[in-house]
Amino acid sequence: MVVDTGGGPNVMIGSINGRGGRGGRPSRYSAFDLLRRGLLGSSWPRAWRVHDQRDSYDVVIVGGGVHGLATAYYLARNHGIHNVAVLDKGYLGSGGSGRNTAILRSNYLTPEGVRFYDRSLELYRHLAADLNFNVMFSRRGHLTLAHNDSSLRTMRWRAEVNKLGGVDSEVIDPGEIAKLVPYLDTSAATRYPILGALYHPPGGIIRHDAVVWGYARAADALGVHLHQQTEVTGIDVDAGRVRGVRTSRGPIFAPVVVNCTAGWSSIVSDMAGVATPVQTFPLQAAVTEPVRPFLHAVVVSGTLHVYVSQTDRGELVFGASVDPFTSYSMRGSLEFVEGLATHILELMPALSKMRLLRQWSGLCDMTPDYSPIMGTTPVEGFYLDVGWGTYGFKAGPVSGEAMAEAIATQATPEIIASFGLGRFARGELVGEKGAAAVGH
Amino acid sequence: MIQLPCPWCGLRNVVEFRYVGESRPRPDPATTTPEQWREHLYIRANPRGQVLESWYHSAGCRRYLRLQRDTVSNQARPVEGAE
């Protein structure tokens, strides 16, 4: 039995209280709920419902990752727009949202970037309470190592811009780094000795899948329809405005269509006739066996093109730079693991006996300036939330909030004003390469 | 490891090459507007499938070469021209 509330005015905005059980709105998670269900042996209700696909919605969001789901949630919660559908060709979070290395930070280089990512971090801080879902945000401290003078200069630049934006970042020396990360080789005997680091205490890690599921559950409770295994095969544009989409499960009329498909975004943008500067590169990652906790902070090295963190379960998660050529393949490669191992052992020689359990990759929609593309396009009603490259997961909440505002008010919010598609034609790029990725 | 067919050296590992990018016609800098030039600089087709592109064989013959590659399977074949 499926209860279709239709997202009408009797849905409580901001609350997900309701009945549990078959087909009703999910019950509120709590310690009491956990105890009760555990003792009674009763099964848990579905986290979100399965609806029939309607033939029209007010807003269709293409892409069911953190960006698409957050946009749907904030449309419903902040603006009372509930007649929304999120479509994903696979399962929710099957793209970048399920493949990233789950690091949160706001220590960016430009004032626009700092303001933007810090708003996201602020939303992440109380996300578990807002969504009534444990997203496991663990504030660990984030270190970006500098191995040469120009790198150290960039760290000082970032620290100053961060401080002006009210973000806690400072440059620390090798002695202080060694105290924070005992296993790091901070001696002068390495090929690229560590000269200092940008230390950002508010940074940390999170359970990326939980963020996707939390937003999905909360959006569903507010009446949003989530349609998995539904591929958009075309976008109907008439006289310069969007009319709707064609999907593998039938057509949908919609005056607003939002592209939240990251690595696949060029395919969807092409359907609407919108050209973008996006290029899709694979980004690989790998994880080791779980060991006892020894690494508290997140450690990043731009020079060595590698970063590492330890999950709450004890596994080390490694990331590096994107593959050096475009591809839509999500397979890992041996040359990646070889390069990664070489660089991480430069940093932490003690890891040499650790066993790598698996590697994978996701698709990154890279832009020329390593900043996203958000807002309107020359096609009326067609919005972009793309160009997220290797820095998209941390921006999920602020992007959803801003895109929802852009759609609901039909005006571009100040916080994303510099990220419009038109900046490339005007030559007004927002250069964040140094702070966004560990690229070559 | 993906291998690419260099027209002079034969099939070699991808790490021997540097990726240059999609082959696109270059407008005449003397007659284009800044907007048209930026479109050439930044806009990309980014296809999921066949793409015409150029590479540089940095660890081999050190020549520019053109390939037609499938961006999903990464199968590639040489194509006439350098870029």
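Residues numbered from 1 in each chain as written. Chains lettered and ligands numbered in written order. Predicted model: local features only at pLDDT ≥ 70, side-chain atom pairs only at ≥ 80, totals over all residues.

A. A look at the overall build of chain B. Along the backbone of chain B there are one helix and six strands. When the helices and strands of chain B are placed in sequence order, the string is β-β-β-α-β-β-β. Seen through its principal axes, chain B has C-alpha atoms that stretch 40 × 25 × 20 Å. The buried share of chain B, reckoned over its 83 residues, is 14%. At a minimum sequence separation of 6, the contacts of chain B that also span at least 24 residues come to 47%. (Helix = DSSP H or I, 4+ residues; strand = E, 2+ residues; numbered from the N terminus. Buried ≥ 20, exposed ≤ 12 C-beta atoms within 10 Å, placed from the backbone. Contact = placed C-beta atoms within 7 Å.)

B. Summary view of the overall build of chain A. A tally of helices and strands in chain A yields twelve helices and 20 strands. A globule of 440 residues ought to have a C-alpha radius of gyration of about 22 Å, and chain A, at 22 Å, matches this closely. By its C-alpha atoms, chain A is 65 × 60 × 40 Å across when sized along the principal axes. Of all intrachain contacts in chain A linking residues separated by at least 6 positions in sequence, the fraction that spans at least 24 positions is 76%. (Rg over C-alpha atoms; globule rule 2.2 N^0.38 Å.)

C. Spatial organisation of the interface of chain A and chain B. The interface is formed by 20 residues belonging to chain A together with 15 residues belonging to chain B. Those elements that provide at least two residues to the side of chain A that touches chain B are helix H8 (265–271), strand S14 (279–290), helix H9 (334–347) and helix H11 (423–426) of chain A. By residue class, the composition of the side of chain A that touches chain B is eleven nonpolar, eight polar and one charged. (Nonpolar A, V, L, I, M, F, W, Y, C, P; charged D, E, K, R; others polar.)

D. Up close: helix H10 (residues 396–409) of chain A. Along its 14 residues, H10 of chain A runs 20 Å from first to last C-alpha, staying within 8% of the 20 Å computed at 1.5 Å per residue. Burial analysis of H10 of chain A places twelve of its 14 residues in the buried class, which makes it a mostly covered element. (Expected span 1.5 Å × (residues − 1).)

E. Fine view of helix H5 (residues 149–164) of chain A. All names here are of chain A. The first and last C-alpha atoms of H5 sit 23 Å apart over 16 residues, in line with the 22 Å expected at 1.5 Å per residue. Of all the residues in H5, the buried ones are Ser151, Met155, Arg158, Ala159 and Asn162. Projected onto a plane normal to the axis of H5, the buried residues spread over an arc of 105° and lie on a single side. Summarising the geometry of H5, the exposed residues directed more than 90 degrees from the buried face are Asp149, Ser150, Arg153 and Leu164. Buried residues along H5 sit against helix H3 (111–125), strand S5 (142–146), strand S6 (170–172), strand S7 (196–200) and helix H12 (433–436). Residue Gly166 follows H5 closely and has a positive phi angle near 75°. (Arc of directions from axis to C-beta.)

F. Representation of the sheet that holds strand S11 (residues 241–247) of chain A in the model. Residue and element names in this part refer to chain A. Sheet architecture is open: three strands sit in the order S10-S11-S12, paired in antiparallel fashion. Only two strands of the sheet have a single neighbouring strand rather than two, namely strand S10 (232–238) and strand S12 (250–253). Averaged over neighbouring strand pairs, the angle between their axes works out to 25° when direction is ignored. Pairing between S11 and S12: four bridges, direction antiparallel. In the sheet register, Gly244 faces S12, and the bridge partner there is Phe253. (Pairing = 2+ DSSP bridges. Axes fitted to C-alpha atoms, helices over the stretch in contact; angles between N-to-C directions.)

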